[in-house]
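# Geometric and topological summary
Listed here are the chains, written in short residue letters.
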Protein chains: 2
Amino acid sequence: MEYIEPISRLIAEFSKLPGVGKKTAARYAFSVINMPLESAENFCDAIMKLKESVRLCKECGNYTDQEVCDICKTRDKSVICVVKEPRDVIALEKTKSFGGVYHVLHGHLSPIEGIGVSDIRIKELLERIQAGGVKEVIIATGTDQAGEATALYIAMLVKPLGVKATRIARGLPSGSNLEYTDEATLSRALTDRKEI
Amino acid sequence: MEYIEPISRLIAEFSKLPGVGKKTAARYAFSVINMPLESAENFCDAIMKLKESVRLCKECGNYTDQEVCDICKTRDKSVICVVKEPRDVIALEKTKSFGGVYHVLHGHLSPIEGIGVSDIRIKELLERIQAGGVKEVIIATGTDQAGEATALYIAMLVKPLGVKATRIARGLPSGSNLEYTDEATLSRALTDRKEI
């Protein structure tokens, strides 16, 4: 025996969310059964409002509900920080250490996963640079293999345009000790040592 | 900086699901952003269809989209198996070992959580018995403290009505060995031993 159709259908829908298996999806579906009708309506309204309003910022490609996002509207456009995903913007903004604008690629180059140059927003980055006024591009893609490859590729394209290309620093994370740091990180921290 | 309003609103909605924290909710919200509009519409449709159609079976209290559920319509009504929740019905039905009907309490008695006799469907069970034709009530509430207390309470009410009250057996789970079995289970398995 299985759940009746409306329940099993919602379980199937919840199972499509990332990392949600059948048991978790069933828990979610039961909680929907038990919530007031108004809460369910609010939930759906939030989903549909998001689908209606959220789009990519015309300039940086971050999620926005306007044509151009608040960051692009108000900040120093001579420095562009290139990141993989919208959530990376949130992470960087939390540091309050950056006053420039962003460029969201929506992915890393990854031939294995079939993600090529035209699948991420590299062309749009070059267009922004060609439009003028950009002095530096900080490449803040991840430090995994795909992130590194993407960073090198972007640097290669950006430098001939007369713009400084920099990469976020690598080294020991704050609050860590040497004993538990992996070899790659430690080796990089040695190579990139700084005079104090 | 935080996510823009439509995104943070959907994150808040997803956070209301059981066991979902802010990071997981954000993952879900991002997956909604990236799904086709049609999938989001299907998702909402599944939620609203469930809210419109799912109700409690007039007889057993299990979830159904009819007035009386398929189990109550077709099965032996002389034996009622009392369970805590709709998902317990699914678990028991999977065994294919029961041909009677169910009674879903929608909770265990729990004074600590403020769940009293009138908060779970005990009155409805007594009404079913008083309507006649019931020979046995199998009390299959959980074997935790609240489940046991609920079982004893129901047995106390059911017996004076001339109906046999039974409790599901306790003992070692199938496929287990004694070494790793907890003392309470082992002690119960000894007490409830059966001649072979």
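Just so it is clear, the model here is predicted, and its values are computed rather than measured. (Residues numbered from 1 in each chain as written. Chains lettered and ligands numbered in written order. Predicted model: local features only at pLDDT ≥ 70, side-chain atom pairs only at ≥ 80, totals over all residues. Heavy atoms only, no water.)

On to the overall build of chain A. The helix and strand tally for chain A stands at eight helices and six strands. Counting helices and strands in the order they occur from the N terminus, chain A gives α-α-α-β-β-α-β-α-β-α-β-α-β-α. The burial tally for chain A puts 42% of its 196 residues in the buried class. Considering only contacts in chain A between residues 6 or more positions apart, those separated by 24 or more positions represent 47%. For chain A, the computed accessible surface area is about 11000 Å², with 53% contributed by carbon and sulfur atoms. Looking at charge distribution, chain A has the averaged site of its 27 positive side-chain charges lying 3 Å from that of its 27 negative ones. (Helix = DSSP H or I, 4+ residues; strand = E, 2+ residues; numbered from the N terminus. Buried < 20%, exposed > 50% of the residue type's maximum accessible area, 1.4 Å probe, protein only. Contact = heavy atoms within 4.5 Å. Areas by Shrake-Rupley, 256 points an atom, 1.4 Å probe, with all protein chains shown as cover. Lys, Arg positive; Asp, Glu negative; His and termini not counted. Charge placed at Lys NZ, Arg CZ, Asp CG, Glu CD.)

Further remarks concern the relation of the copies chain B and chain A. Two copies of a chain can be linked by a rotation about an axis combined with a shift along that same axis. Expressed as a screw transformation, the operator carrying chain B onto chain A has a rotation angle of 180° and an axial translation of 0.0 Å, and the superposed copies differ by an RMSD of 0.1 Å. This pairing of chains is accounted for by a two-fold axis. Relative to the rotation axis, the C-alpha of Cys44 of chain B is the closest in chain B, positioned 2.6 Å from it. Most of the interface of chain B is mirrored in chain A, where 100% of its interface residues again form contacts. (Least-squares fit on C-alpha atoms with pLDDT ≥ 70 in both.)

Right, let's get into unusual backbone geometry. The phi dihedral of His106 of chain A is positive, around 60°, even though this residue is not glycine. Take His106 of chain A: it is sitting in the loop between strand E4 (100–104) and helix H6 (122–130). Located in the positive-phi region is Lys96 of chain B, a residue other than glycine, with phi close to 55°. Within the secondary structure, Lys96 of chain B sits in the loop between helix H5 (86–95) and strand E4 (100–104). Assessed through its relative accessible area of 71%, Lys96 of chain B is described here as exposed.

A word on the nonpolar core. By size, the foremost hydrophobic cluster in this structure holds 51 residues, and its most contacted members are Leu10, Phe14 and Ile47 of chain A together with Ile7, Leu10, Phe14 and Ile47 of chain B. Of all the secondary structure elements, the ones that give two or more residues to this core are helix H1 (5–15), helix H2 (22–34) and helix H3 (37–53) of chain A together with helix H1 (5–15), helix H2 (22–34) and helix H3 (37–53) of chain B. Once residues lying within four places of it in the same chain are set aside, the contact partners of Leu10 of chain B are Phe43, Ala46, Ile47 and Leu50 of chain A together with Ala29 and Val32 of chain B. (Core = buried A, V, L, I, M, F, W, Y, C linked by side-chain atoms within 4.5 Å.)

Below, the discussion takes up the packing of aromatic side chains. In total, this model carries twelve aromatic pairs over all chains according to the counting rule given. Ring-pair connections join several aromatic residues into one group, and the members of that group are Phe14, Tyr28 and Phe43 of chain A together with Phe14, Tyr28 and Phe43 of chain B. (Phe/Tyr/Trp six-rings, centres within 6.5 Å; stacked < 30°, edge-to-face > 60°.)

What follows is about the environment of Thr143 of chain A. All names here are of chain A. Here Thr143 shows up in the loop between strand E5 (136–139) and helix H7 (145–158). Since its relative accessible area comes to 43%, Thr143 is described here as partly exposed. Beyond its immediate sequence surroundings of up to four residues, Thr143 is in contact with Glu148, Arg167 and Arg170.

With that out of the way, let us pick up the sheet that holds strand E3 (residues 76–83) of chain B. Residues and elements named next belong to chain B. Sheet architecture is open: four strands sit in the order E4-E3-E5-E6, paired in parallel fashion. With partners counted over all chains shown, the strands left at the sheet margins are E4 and strand E6 (164–167), one partner each. Strand-to-strand, the axes of this sheet are offset by a mean angle of 25°, without reference to chain direction. In terms of strand pairing, E3 meets E4 through five bridges, oriented parallel. Directly across from Val83, in E4, lies its bridge partner Val104. Relative to the sheet, H5 contacts E3 and E4, its axis offset from that of E4 by approximately 155°. (Pairing = 2+ DSSP bridges. Axes fitted to C-alpha atoms, helices over the stretch in contact; angles between N-to-C directions.)

Model confidence for chain A is summarised by a mean pLDDT of 92, while 99% of its residues fall at 70 or above. Predicted complex metrics record ipTM = 0.81 and pTM = 0.80. (pLDDT = per-residue confidence, 0-100.)

We now examine the packing of H1 of chain A against H2 of chain A. Residue and element names in this part refer to chain A. Here H1 crosses H2 at 125°, and the two axes come no closer than 8 Å. Judged on the interaxial angle alone, H2 and H1 are oblique. In the crossing of H1 with H2, the sense of the turn from one axis to the other is right-handed. From H1, Ile7, Leu10, Ile11, Phe14 and Ser15 reach across to H2, where they touch Lys22, Ala25, Ala26, Tyr28, Ala29, Val32 and Ile33. (Parallel < 35°, antiparallel > 145°, perpendicular 65-115°, else oblique. Left-handed = near helix turned anticlockwise from the far one by under 90°.)

Taken together, the four bridges between strand E5 (residues 136–139) of chain B and E6 of chain B define a ladder with parallel strand orientation. In the strand pairing of E6 of chain B, Glu136 of chain B is matched with Lys164 of chain B.

Helix length check: H3 of chain A, at 17 residues, gives a terminal C-alpha distance of 24 Å against a target of 24 Å (1.5 Å per residue), a fit within 8%. Among all positions of H3 of chain A, only Ala40, Phe43, Cys44, Ala46, Ile47, Met48, Leu50 and Lys51 of chain A are buried. Buried residues along H3 of chain A sit against H1 of chain A together with H1, H2 and H3 of chain B. (Expected span 1.5 Å × (residues − 1).)

Right, let's get into the state of the cysteines. Residue and element names in this part refer to chain B. Counted under the stated rule, the structure contains zero disulfides over all chains. Free cysteine Cys81: the closest other cysteine sulfur is in Cys60, separated by 11 Å. Taking relative accessible area as the criterion, Cys81 reaches 3% and is therefore assigned buried. (Disulfide = S-S within 2.5 Å.)

Taken together, the contact between chain B and chain A spans 48 residues of the former and 48 residues of the latter. Both faces combined, the contact of chain B with chain A buries some 4800 Å², and carbon together with sulfur accounts for 73% of it. Where chain B meets chain A, there are two salt bridges. Here Asp45 of chain A and Arg9 of chain B are joined by a salt bridge, their closest N and O atoms 3.0 Å apart. For the pair chain B and chain A, the interface holds 13 residue pairs in polar contact (both at pLDDT 80 or more). Among the secondary structure elements, those contributing two or more residues to the side of chain B that touches chain A are H1, H2, H3, strand E2 (63–64) and H5 of chain B. Sort the elements by how many residues they give to the side of chain B that touches chain A and H3 of chain B lands first, with 15 residues. The residue makeup of the side of chain B that touches chain A, split by class, is 29 nonpolar, seven polar and twelve charged. (Buried area = accessible area lost by both parts, 1.4 Å probe. Salt bridge = Lys/Arg side-chain N within 4 Å of Asp/Glu carboxyl O. Polar contact = N/O pair within 3.5 Å; in protein donor to acceptor, adjacent residues only side chain to side chain. Nonpolar A, V, L, I, M, F, W, Y, C, P; charged D, E, K, R; others polar.)

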